[in-house]
Amino acid sequence: MDHKTAQANLPLYFDGELDRAASREFEAHLDECADCRAALIGLDDLRRTLRDDAPRHTAPDLLRKRIEKLAAAQASRSESIPARRSHRPPRWLAYVASTLLAFVAGGVATSLWQGSPRNAETAEAPAGTQLARDLFASHWRALAATSPVDVVSTDRHTVKPWFEGKVGVAPVVRDFAEQGFVLVGGRIDYVGSARVPVLVYRHGQHLIDVFVLAENATANLAASSAQNGYRLEPLRLGDQPAAIVTDMDAAELEKFVRLFAS
Amino acid sequence: MTAAASQDFVGELAQRHLDAAYSLGRWLLGNEHDAADAVHDAFLRATKSADTYAGGNARAWWLAIVRNCCLARLDTRSRDRRNVSIDDTTGGSDRAEQLLPHSEAGDVEDRIDHAQRQALIVHHLNNLPIEFREALILREIEELSYREIAEVLQTPIGTVMSRLARGRALLQKALAGTAAGKVTHGP
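Residues numbered from 1 in each chain as written. Chains lettered and ligands numbered in written order. Predicted model: local features only at pLDDT ≥ 70, side-chain atom pairs only at ≥ 80, totals over all residues. Heavy atoms only, no water.

Description of unusual backbone geometry
All names here are of chain B.
- In this structure, E143 is a non-glycine residue whose phi angle is positive, near 60°.
- Structurally, E143 is set in the loop between α8 (130–141) and α9 (146–153).
- Overall, E143 belongs to the partly exposed group, its relative accessible area being 45%.
- One non-glycine residue with positive phi stands out, namely Q154, at about 55°.
- For Q154, the position within the fold is in the loop between α9 and α10 (157–185). (Helix = DSSP H or I, 4+ residues; strand = E, 2+ residues; numbered from the N terminus. Buried < 20%, exposed > 50% of the residue type's maximum accessible area, 1.4 Å probe, protein only.)

Brief notes about the packing of aromatic side chains
Residue and element names in this part refer to chain A.
- Across all of its chains, the model carries 12 aromatic pairs over all chains by this definition.
- When the ring of W162 is compared with that of F163, the centres are 5.2 Å apart and the planes differ by 65°; the resulting orientation is edge-to-face. The same class applies to W162 as to F163, namely buried.
- Ring centres of Y201 and F260 lie 6.0 Å apart, and the angle between their planes is 90°; on these two criteria the pair is classed as edge-to-face. A residue pair is termed long-range when its members are at least 10 positions apart, and Y201 in strand β3 (residues 194–203) and F260 in helix α8 (residues 250–261) qualify at 59 residues. The same class applies to Y201 and to F260, which are both buried.
- In this structure an aromatic cluster arises from ring pairing among F176, F181, Y201, F256 and F260. (Phe/Tyr/Trp six-rings, centres within 6.5 Å; stacked < 30°, edge-to-face > 60°.)

A closer look at the confidence of the model for chain A
Residue and element names in this part refer to chain A.
- For chain A, per-residue confidence averages 78 on the pLDDT scale, and 77% of positions sit at 70 or higher.
- In the predicted structure, residues 81–89 sits below a pLDDT of 50 and forms zero contacts with residues beyond four places in sequence or in another chain.
- Low confidence marks residues 112–125, where pLDDT is under 50. Its contacts with residues over four positions away, or in another chain, come to two contacts. (pLDDT = per-residue confidence, 0-100. Contact = heavy atoms within 4.5 Å.)

Considerations on the sheet that holds strand β1 (residues 151–152) of chain A
Residues and elements named next belong to chain A.
- If you trace the seven strands from one edge of the open sheet to the other, you get β1-β2-β3-β4-β7-β6-β5, paired in antiparallel fashion. On the outer flanks of this sheet lie β1 and β5 (225–227), each paired with one strand and no other.
- Its contacts with the sheet put helix α7 (residues 156–167) on β1, β2 (182–191) and β3, and the angle it makes with β2 is roughly 15°.
- Packed on one face of the sheet, α8 meets β3, β4 (206–212), β6 (230–237) and β7 (240–246) and runs near 10° to β6. (Pairing = 2+ DSSP bridges. Axes fitted to C-alpha atoms, helices over the stretch in contact; angles between N-to-C directions.)

So, the side chain of A:H139
- Tracing the chain through its elements places A:H139 in helix α6 (residues 116–144).
- We classify A:H139 as buried; its relative accessible area is 0%.

With respect to the packing of helix α3 (residues 34–53) of chain A against helix α7 (residues 114–127) of chain B
- Where α3(A) contacts α7(B), the two axes come as close as 9 Å, and the packing angle between them is 115°. Remark: the crossing between α3(A) and α7(B) carries left-handed chirality. Within the contact between the two elements, α3(A) uses A:T49, A:L50, A:D52 and A:D53 and α7(B) uses B:H114, B:R117, B:Q118, B:I121 and B:L125.
- Here the contact of α3(A) with α7(B) is built from residues that sort into three nonpolar, three polar and three charged. (Left-handed = near helix turned anticlockwise from the far one by under 90°. Nonpolar A, V, L, I, M, F, W, Y, C, P; charged D, E, K, R; others polar.)

Looking at the nonpolar core
- Counting residues in each nonpolar core, the largest one holds 68 residues, and the members touching the most others are B:W62, B:L63, B:L125 and B:L171.
- The element best represented in this core is helix α4 (residues 58–79) of chain B, accounting for nine residues.
- B:L125 has contacts with A:L50, A:A54, B:W27, B:R133, B:L136, B:I137 and B:L171, leaving out every residue within four places of it along the chain.
- Counting residues in each nonpolar core, the second largest holds 23 residues, with A:F163, A:L235, A:I244 and A:L259 among its members. (Core = buried A, V, L, I, M, F, W, Y, C linked by side-chain atoms within 4.5 Å.)

This is the structure:
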């Protein structure tokens, strides 16, 4: 690790945000570099000063009691509303409820009778486009951030176990540096409400995200799509479905997809 | 989540992280009264928007609400100058100097007791621009991860990193400045 990289990694190392392999590399550099050692000691001194000397503000009892009371009041209110209603329901309410129920039941029966295949189809199409939208959004979010990766590593043996520790999924990680697609690292991102591993590659100036998706997630993802000059291409990563999002042109993207298939 | 369950969730969450919330309030607003009121506001807001909690780090979600309530208070405070009542320490910029004993550098460390060191660090922290102060507090005192801080501050992780770096450098410089001051005050 050269001095410049080490300097950039120093706060990450200090804050425990560097993965194991990169930490080891950094420590190797530290053995040789007095400047980095001094900088690290400086950060540690500052932390010690802050933790020892800065006052710890604990919530005053009065505030604690206030919040306790509010929480208790809210809990009892949300319990008592249905209780009070069921206690003595006005007669008209029962009438309205019965007609409403009949109406709803009729509606359900009608929609069932109309047949489910059509409904299922209309529900599925938005799910697919929603997934595509999420993937594009995640990619753009990552581009807007200063660093598109949570774990910086060009070593696939580092990236894979890092994911395993974070999301319990260990995707197949391959590096195509020789073919011009360099593994930069990985991150965890949200697709809908699911946390998914993302492998990050770089090709020239292009950043490539490979989202590793849950089984059956790509079933309703269109073959490939494009939005604002960015492309989305579903593929399979070993036996897991995945999707590539990037701003590379179609030819380069195809080359990249072929590498995964090989 | 049902309404009742989400109320319970917020109540439990707020009480578990009440110290962290109050501490953040103190560092942002400076005094006990405003900090307690901001936490109170935050609790009400959290119970109202409990349905919007979309999973993820609950503590970061709660602290983000607390922070927003603090910033709202700071905003009204700056519009209404009569209410400026930041803690004891930001009173005068020469205060840190007053706290330092004028004696040989050798026994300076022994002479500054805990209260004085505390006043010194509070003084320097409060002198930092708020965006650096809050990042430092969340990292060093509350020990949040970069990602959690990013969630609280609603900024990208890269911004968190640069603010931390800048905040640390500024604070180191300020502390070194008073340390150097100590020596020159000697005989």
